[in-house]
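As a plain string of letters, each chain reads:
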Amino acid sequence: MLSRIEIKNFRGFGDNFVFDLTQPRNYEFNSFAIKNNVVNKAIIYGANGSGKSNLGYAIFDIIGNLTDFLKKVDYTNDYLNAESENGIAEFKFYFKFENDSLTYKYSKKNFNEIGYEEIIINDEQIVFYDPSKRGTPILKLENTESLKFENFYNLKISFVKYIINNSSLSREYKNSKVFLEFIKFVHGMLFFCPSSTKVYYGYTATEQFLFANLIDDGKLVNFEKFLKSVGIHYDLVEYENNGSIRAGVQFKNKVLDFVNIASTGTYSLLILFYWLEKLDSVSFVFIDEFDAYYHYDLSKMIISELNKLDCQSIITTHNTSIMSNDLLRPDCYFVMDGKSIKPLYAFTDKELREAHNIEKMYRAGAFQ
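Keep in mind that this is a model prediction, so the values were computed, not measured.

Draft legend 1. How the structure looks around the pairing of strand 12 (residues 236–241). Inspection of the sheet shows strand 12 paired to strand 13 (residues 244–250) by 6 bridges, in the antiparallel sense. Looking across to strand 13, one finds that Tyr239 is bridged to Arg246. Counting the residues that bridge the hairpin from strand 12 to strand 13 gives 2 residues, and of these Asn242 lies at a positive phi of roughly 55 degrees.

This is the structure:
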């Protein structure tokens, strides 16, 4: 699980910005939201421009280093903080896997140019490489003794990714096991926004792709049930339009194309439905602006569904109606102001209990 991230000189984050998920309180309700003493389900609030989306971009920068999933991103042209003087962005990721910890640190001049990389497992430096020094890398992973570095220096890729692609690591060794857990977690990370088809996990889910998936995989019936569960009673059918098979809505006398009649919010449910179908196989999901077009009852239902899943989830929202102890707890709601992000309980000296209406308290200015 991701337990902490520190960001410096990346986009809107100038000075060291810390998002710490390892400070849960001893609340006795909704214990599912905490796993291995790390917040497993988090909801982030913040004003427009407070950095919520940039936090997601920072977390998923690791995908660009270690996988081939990140095809196109929107933040590469303005990668460094505009007031940065040293021209280097720095990232520190902290993970917990049962009783083991792993830290991945690196620096970058831009999205594609990686500086130093370091991996620490259980307080021991296992990997270190700094291309500016061109020395022999530090590498203490079993079954990497024969790894050749001559070819690596010209590849201009992450050293850690080079290890992944060119080693036969075995889980029978402690460090290799933790390292492989880390790689598995990273490969299972998913970023999406229901109000946009832009994603940061492998490809862009275009409208054509979304509907092809529904029709080819026979999920149109499931999508119809999903819509009806949130009060949208469409009878969905496949129909041919200009030689292609489309998803349509059956009315008494004709079939109309789903895209043409769906509201913005209803269309966003298609994107949400597609990705929710995949959450059983992911390790971590960051959903930005998750309920921008949703009724508050629908937002609550979606949070309840996310709470049932095993993956670690972080969502951003402006919707205070879901700030409730019925859904999560005060150590899982975070408030972000551009310079810091803290759990809700950190903004009050009052002892928060399950019976408290924290939304009402929030609106009344109790958390200052």
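The rest of the description comes next.
Draft legend 2. Molecular detail of helix 8 (residues 264–276). Helix length check: helix 8 (13 residues) gives 18 Å between terminal C-alpha atoms against 18 Å at 1.5 Å per residue, within 8%. With respect to burial, helix 8 is a largely interior element, 11 of its 13 residues being buried.

Draft legend 3. Examining the side chain of Ser176 more closely. Mapped onto the secondary structure, Ser176 falls in helix 4 (residues 174–187). Residues in contact with Ser176, not counting those within four places in the same chain, are Leu141, Glu142, Leu169 and Ser170.

Draft legend 4. Focus on the confidence of the model for the chain. The predicted model of the chain averages 88 in pLDDT, with 94% of residues at 70 or higher. For the chain, helix 5 (residues 207–216) is the element with the lowest average pLDDT, namely 71, and strand 1 (residues 2–8) is the one with the highest, namely 98.

Draft legend 5. Fine view of the sheet that holds strand 18 (residues 341–343). Taken in spatial order, the 6 strands of this open sheet run 11-15-16-5-17-18, and their pairing is mixed. Edge positions in the open sheet fall to strand 11 (189–192) and strand 18, since each of these has one partner strand only. If you compare each strand with its neighbour and ignore which way they point, the axes differ by 20 degrees on average. Helix 9 (residues 296–308) contacts strand 5 (41–46), strand 15 (284–287) and strand 16 (312–317) of the sheet and is inclined by roughly 145 degrees relative to strand 5.

The rules we used
Residues numbered from 1 in each chain as written. Predicted model: local features only at pLDDT ≥ 70, side-chain atom pairs only at ≥ 80, totals over all residues. Heavy atoms only, no water. Pairing = 2+ DSSP bridges. Helix = DSSP H or I, 4+ residues; strand = E, 2+ residues; numbered from the N terminus. Expected span 1.5 Å × (residues − 1). Buried < 20%, exposed > 50% of the residue type's maximum accessible area, 1.4 Å probe, protein only. Contact = heavy atoms within 4.5 Å. pLDDT = per-residue confidence, 0-100. Axes fitted to C-alpha atoms, helices over the stretch in contact; angles between N-to-C directions.

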